Amino acid sequence: MAKERRRAVLELLQRPGNARCADCGAPDPDWASYTLGVFICLSCSGIHRNIPQVSKVKSVRLDAWEEAQVEFMASHGNDVARDTYESKVPPFYYRPTFSDCQLLREQWIRAKYERQEFTHPDKQEPYSAGYREGFLWKRGRDNGQFLSRKFVLTEREGSLKYFNRNDAKEPKAVMKIEHLNATFQPAKIGHPHGLQVTYLKDNSTRNIFVYHEDGKEIVDWFNALRAARFHYLQVAFPGASDADLVPKLSRNYLKEGYMEKTGPKQTEGFRKRWFTMDDRRLMYFKDPLDAFARGEVFIGSRESGYTVLDGLPPSTQGHHWPHGITIVTPERRFLLACETETEQRAWVEAFRKVVDRPMLPQEYAVEAHFKHKP
């Protein structure tokens with residue numbers, strides 16, 4: 001009898017919507033919340049365990065199932081739960097996938113089932129109001145210490161500001177929503193709630209690194225920034241659909257990591273630098289947490305004269321790492337070296353994805369006033 005019930009639960013995985021985790025979309029979920037009626041992956045089941053007042057989980061394959069539990073799962077399932085718990089998700093709200101950090105997935109699950117933010121839109125005020133202020137821990141540019149700073153986001157002014165003192169009249173920095181990006185970087189920042197915010201200052205990328213002890217707070221900030229970007233883009237591109245705009249609200253980096261590089265004359269030694277591929281900007285830093293890049297390289301498309309080659313010219317000297325990459329731009333060649341062949345392959349794949357993509361009209365404008373830095 002117990003085997004039959006387990007088989008019946010396994011058969012439910014074949015139904016439409018149940019073949020992927022209800023919360024992060026990971027394939028082949030092996031767990032279920034028998035109080036919510038959803039099939040979930042192992043990783044998300046761990047988050048569900050932390051909200052036992054809402055969700056109780058079982059292994060689909062290993063645990064014993066009662067008849068009433070099987071019937072409940074059969075009458076619910078992932079599609080029914082989505083219609084219920086995700087009925088009013090704002091278009092700008094970030095829906096995490098299995099490749100996203102633990103924090104984003106946890107707050108998405110808590111927002112759906114515990115706080116029921118997407119069945120009661122009045123609970124969305126913290127990120128939907130168009131204005132938000134509060135304190136975040138911000139990393140100091142020079143000393144690396146995290147200090148409490150007041151941040152103010154205002155859609156009306158189209159900016160995010162922060163102040164060095166509570167009573168300061170003038171902000172230390174004004175970041176335009178137009179050029180702003182935010183991405184969670186827990187490993188790099190060294191805090192599970194670490195958020196990297198970038199903006200353009202004099203056409204150069206500036207990084208700031210922040211966190212909040214409360215996971216809900218920092219994810220609310222993240223979604224408030226996405227909301228501000230969404231509303232800015234709706235005005236800037238009045239004919240665009242939500243589906244066109246949502247991918248532009250925030251972006252994760254295509255790739256990051258250490259490589260060695262040499263200067264434009266290619267006669268000096270190679271130096272180890274931290275590289276970040278952000279859309280078509282390849283930036284390099286002395287340290288991953290530097291506020292400003294040492295240099296930025298625009299990577300256009302193949303039609304515009306950009307190519308990526310395996311290896312380095314035969315005469316190249318001075319690199320310690322053996323696995324080379326040559327980036328050819330209309331102006332010059334950039335020589336890079338990776339420590340392992342796996343890293344080199346990953347970087348080449350990331351570069352080629354960018355080079356193979358045709359340039360958009362606005363990207364030609366970026367290229368035109370982009371200054372290649374040595």
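Predicted, not measured: the structure shown is a model, and the values here were computed from it. (Residues numbered from 1 in each chain as written. Predicted model: local features only at pLDDT ≥ 70, side-chain atom pairs only at ≥ 80, totals over all residues. Heavy atoms only, no water.)

## Overview of the overall build of the chain
- In terms of helices and strands, the chain carries eleven helices and 17 strands.
- Dimensions of the chain along its principal axes, counting C-alpha atoms only, are 75 × 55 × 45 Å.
- The buried share among the 374 residues of the chain stands at 50%.
- Long-range contacts, defined here as pairs at least 24 residues apart, represent 52% of the contacts in the chain between residues at least 6 apart.
- Total accessible area on the chain is roughly 18200 Å²; 51% of this is exposed by carbon and sulfur atoms.
- Mean positive and mean negative side-chain charge positions of the chain (57 and 50 charges, respectively) differ by 4 Å. (Helix = DSSP H or I, 4+ residues; strand = E, 2+ residues; numbered from the N terminus. Buried < 20%, exposed > 50% of the residue type's maximum accessible area, 1.4 Å probe, protein only. Contact = heavy atoms within 4.5 Å. Areas by Shrake-Rupley, 256 points an atom, 1.4 Å probe, with all protein chains shown as cover. Lys, Arg positive; Asp, Glu negative; His and termini not counted. Charge placed at Lys NZ, Arg CZ, Asp CG, Glu CD.)

## Thoughts on the UniProt feature "domain: PH" (unreviewed entry) in the chain
- Mapped onto this numbering, the UniProt entry gives "domain: PH" (unreviewed entry) at residues 129-230 and 252-356.
- As annotated, residues 129-230 comprises 20% helix and 45% strand, and the C-alpha atoms at either end are separated by 13 Å. (UniProt positions renumbered as here; feature names shortened; annotations may be inferred.)

## With respect to the UniProt feature "domain: Arf-GAP" (unreviewed entry) in the chain
- Those places that UniProt annotates as "domain: Arf-GAP" (unreviewed entry) correspond, in this numbering, to residues 7-126.
- Helix makes up 38% of residues 7-126 and strand makes up 8%, while its end C-alpha atoms are separated by 44 Å.

## Details of the environment of R251
- Within the element layout of this structure, R251 appears in the loop between α9 (242-245) and β11 (255-261).
- The sequence separation of R251 and I189 amounts to 62 residues, and the corresponding C-alpha distance is 17 Å.
- Dropping the residues within four chain positions of it, R251 is found in contact with N181, A182, T183, D278 and D279.
- Within the local environment of R251, its side chain forms a polar contact with the side chain of D278, the two groups lying 2.6 Å apart. (Polar contact = N/O pair within 3.5 Å; in protein donor to acceptor, adjacent residues only side chain to side chain.)

## A word on the packing of aromatic side chains
- Under the counting rule described, the total for this entry stands at 19 aromatic pairs.
- Judged by centre distance (5.9 Å) and plane angle (35 degrees), the ring pair of Y93 and W108 falls under tilted. Residue Y93 is found in the loop between α4 (78-85) and α5 (102-114), and its partner W108 is found in helix α5; the two are separated by 15 residues along the sequence. Of the two residues examined, Y93 and W108, each falls in the buried class.
- Between the aromatic rings of F275 and Y284, the centroid separation amounts to 5.6 Å while the plane-to-plane angle is 40 degrees, which identifies the pairing as tilted. You'll find F275 and Y284 in the same group, each marked buried.
- One aromatic cluster in this structure is built from F92, Y93, W108, F118, Y127 and F230.
- In this arrangement the basic side chain of K58 is found over the ring face of Y34, its NZ or CZ atom lying 5.3 Å from the centre. (Phe/Tyr/Trp six-rings, centres within 6.5 Å; stacked < 30°, edge-to-face > 60°. Lys NZ or Arg CZ within 6 Å of the ring centre and 35° of its normal.)

## A few points about the pattern of salt bridges
- Taken as a whole and judged by the stated rule, the model has 24 salt bridges.
- The partner of K150 in a salt bridge is E133, and the shortest N-O contact between them spans 3.9 Å. One end of the pair, K150, is in strand β5 (residues 146-154); the other, E133, is in strand β4 (residues 131-139), and 17 residues separate them in sequence.
- K188 is the salt-bridge partner of E256, the closest N and O atoms lying 2.6 Å from each other. Here K188 lies in helix α7 (residues 186-189) and E256 lies in strand β11, a separation of 68 residues in the sequence. Of the two residues, E256 and K188, both sit in the buried class.
- What emerges from the salt-bridge pattern is a single network uniting D23, E86, R95 and K112. (Salt bridge = Lys/Arg side-chain N within 4 Å of Asp/Glu carboxyl O.)

## As for the pairing of β11
- Here β11 lies mainly inside the structure; six of its seven residues are buried.
- As defined by bridge partners, β11 adjoins strand β17 (residues 333-338) across two bridges and the pair is classed as antiparallel. Residue K261 lies in a different strand from β17, and its bridge partner there is L336. (Pairing = 2+ DSSP bridges.)

## What about the side chain of R281?
- Looking at the element boundaries, R281 is found in strand β13 (residues 281-285).
- Within polar-contact distance, the side chain of R281 engages the side chain of E296 at 2.7 Å.

## Some remarks on the nonpolar core
- Counting 39 residues, the largest nonpolar core has F151, L160, M175 and F184 as its most contacted members.
- Broken down by secondary-structure element, the contributors of at least two residues to this core are α5, β5, β6 (159-163), β7 (173-176), β8 (181-184), β9 (195-201), β10 (204-211) and α8 (215-236).
- Within the second largest apolar cluster, 21 residues are counted, among which are F275, I299, V348 and V355. (Core = buried A, V, L, I, M, F, W, Y, C linked by side-chain atoms within 4.5 Å.)

## As for the sheet that holds β11
- The seven strands are arranged β14-β13-β12-β11-β17-β16-β15 in an open sheet whose pairing can be described as antiparallel. One side of each edge strand has no neighbouring strand; the edge strands of this open sheet are β14 (295-298) and β15 (307-310). Looking at each pair of strands side by side, their axes are set apart by 35 degrees on average, direction ignored.
- Here β15 runs beside strand β16 (residues 323-328); their pairing, made up of four bridges, is antiparallel. If you follow V308 over to β16, its bridge partner there is I327. (Axes fitted to C-alpha atoms, helices over the stretch in contact; angles between N-to-C directions.)

## Quick notes on the side chain of D278
- Within the secondary structure, D278 is located in strand β12 (residues 271-278).
- A relative accessible area of 4% means that D278 is categorised as buried.
- Residue contacts for D278: discarding those within four places in its chain leaves R251, Y253 and M283.

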